[in-house]
Amino acid sequence: MKTQVLYKSRTGNTEMLAKSIFEAIPGKQKDIAPLDGQMDYDLGDLYFIGFWTDRGTASVDVLDYLGSLQGKKIALFGTCGMGNSPAYYKKLEENIRVFIEDDNEYLGSYICQGKMPISVRQKYAGMRTEKNAAQVDAMIQNFDRAMLHPDCQDLQNARIFVNRIFDKIKREA
């Protein structure tokens, strides 16, 4: 089975995950590339599509590419600045998954926290008022925690995700 890893990375976080995912894919029939205007929708049988998030979704080019795939097995992976929130990660997955056409087989997602540009922290600090101090302080604390991600455990979890996908495919064969 030919496997393609495509990803869009803004700060390098998703690229780190993509490389860990690529390394975990068994066999030699695999390729990895940044998603950068590809119009070829027959690069593989199994796709791992990576994204960074902004306002609860992936970039338009990732969503467009997902919507153009037909008859493929698709797994998603991504990074976001928000903290370790399974409920938020699930919502991200749902927001992005709807772009996958029904004739594809959706295999699941792996999402973890990733560092954000320092401009985001500066924006948060500039928003602080007496009324919203607690909320803004929590956002800044989240930003500071995100600076450590993706970490070794996040990358290991990405490899575990790949192993689960291939175990699932083997069981179904």
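The structure we're discussing is the one just above.
Residues numbered from 1 in each chain as written. Predicted model: local features only at pLDDT ≥ 70, side-chain atom pairs only at ≥ 80, totals over all residues. Heavy atoms only, no water.

Under the defined criterion, the tally for this structure stands at five aromatic pairs. Here Tyr41 and Tyr65 contribute two aromatic rings whose centre-to-centre distance is 5.0 Å and whose plane-to-plane angle is 40 degrees, an arrangement assigned as tilted. With Tyr41 in the loop between β2 (30-34) and β3 (46-52) and Tyr65 in helix α2 (residues 60-68), this pair connects stretches of sequence that are 24 residues apart. On the basis of relative accessibility, which here comes to 25%, the residue Tyr41 falls in the partly exposed class. (Phe/Tyr/Trp six-rings, centres within 6.5 Å; stacked < 30°, edge-to-face > 60°. Helix = DSSP H or I, 4+ residues; strand = E, 2+ residues; numbered from the N terminus. Buried < 20%, exposed > 50% of the residue type's maximum accessible area, 1.4 Å probe, protein only.)

Quick look at α2 now. All buried positions along α2 are accounted for by Val62, Leu63, Tyr65 and Leu66. Taken down its axis, α2 places every buried residue within 160 degrees of arc, on the same side. In the core, the buried residues of α2 are packed alongside β1 (3-7), β3, β4 (73-80) and α3 (86-97). (Arc of directions from axis to C-beta. Contact = heavy atoms within 4.5 Å.)

With that settled, consider the pattern of salt bridges. Tallied over the full model, the rule gives eight salt bridges. The residue Asp42 makes a salt bridge to Lys72 at a minimum N-O spacing of 2.6 Å. Taken together, the residues Asp42 in the loop between β2 and β3 and Lys72 in the loop between α2 and β4 connect sequence positions 30 residues apart. On the basis of relative accessible area, Asp42 is assigned to the exposed category, the value being 58%. Measuring nitrogen to oxygen at the nearest pair gives 2.8 Å for the salt bridge that ties Arg121 to Asp144. (Salt bridge = Lys/Arg side-chain N within 4 Å of Asp/Glu carboxyl O.)

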